[in-house]
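Observations on the three-dimensional arrangement
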Amino acid sequence: MSIEAAAQAYKDEKISIARAESDRYRQQLTAYRAMPQMFKLRTYLDFLENDCGDLRKYITSSSMESIIYELNLEERALSLMDSADLGNLGK
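Conventions adopted
- Residues numbered from 1 in each chain as written.
- Predicted model: local features only at pLDDT ≥ 70, side-chain atom pairs only at ≥ 80, totals over all residues.
- Heavy atoms only, no water.
- Helix = DSSP H or I, 4+ residues; strand = E, 2+ residues; numbered from the N terminus.
- Buried < 20%, exposed > 50% of the residue type's maximum accessible area, 1.4 Å probe, protein only.
- Areas by Shrake-Rupley, 256 points an atom, 1.4 Å probe, with all protein chains shown as cover.
- Salt bridge = Lys/Arg side-chain N within 4 Å of Asp/Glu carboxyl O.
- Axes fitted to C-alpha atoms, helices over the stretch in contact; angles between N-to-C directions.
- Parallel < 35°, antiparallel > 145°, perpendicular 65-115°, else oblique.
- Contact = heavy atoms within 4.5 Å.
- Phe/Tyr/Trp six-rings, centres within 6.5 Å; stacked < 30°, edge-to-face > 60°.

As a further point, take the overall build of the protein. Across its full length, the protein holds three helices and two strands. Ordered by position from N to C terminus, the α and β elements of the protein give α-α-β-β-α. Counting only residues that meet the buried cut, the protein has 1% of its 91 residues in that class. Of the accessible surface of the protein, which amounts to about 9000 Å², a share of 56% is contributed by carbon and sulfur atoms.

Have a look at this one:
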């Protein structure tokens with residue numbers, strides 16, 4: 001590959017990434033303007049799921065300090081046995 005071709009490929013890559021980021025920002029701004037609270041909540045939950053995926057999460061209450069809920073939000077593969085209707089087996 002020549003230097004000119006490599007430079008053109010680099011330029012095209014940078015331009016397409018910048019356009020994609022710009023489009024994403026516009027879409028986020030539109031969503032925020034439509035429902036600011038929902039946008040903030042979804043952004044926060046997305047952060048917890050994607051950036052804190054390996055961390056354990058606890059929910060505590062300020063009014064019930066002695067009670068702690070631990071949630072397991074891991075997705076598990078659907079087993080064939082889970083989806084089978086075993087209640088009608090043999091009927």
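What follows covers the pattern of salt bridges. What the rule picks out here adds up to one salt bridge. A salt bridge links Arg26 to Asp23; the shortest N-O distance between them is 2.9 Å. Residue Arg26 and its partner Asp23 are located together in helix α1 (residues 3-34), separated by three residues, close to a single helical turn. With a relative accessible area of 49%, Arg26 lands in the partly exposed category.

The next thing to look at is the packing of α1 against helix α2 (residues 36-50). As a packed pair, α1 and α2 sit with axes 5 Å apart at the nearest point and diverge in direction by 125°. In terms of their interaxial angle, α1 and α2 are classed as oblique. Every residue of α2 that contacts α1 at Gln28, Ala31, Tyr32, Arg33 and Ala34 is listed here: Pro36, Phe39 and Lys40.

Within the secondary structure, Thr43 is located in helix α2. It is 9.8 Å that separates the C-alpha atoms of Thr43 and Gln28, two residues lying 15 residues apart in sequence.

Using the criterion set out here, one finds one aromatic pair in the structure. Look at Tyr32 and Phe39: their rings are 5.8 Å apart centre to centre, the planes differ by 80°, and that puts the pair in the edge-to-face class. Given a relative accessible area of 24%, Phe39 falls into the partly exposed group.

No statement about biological role is implied by the geometric values presented.
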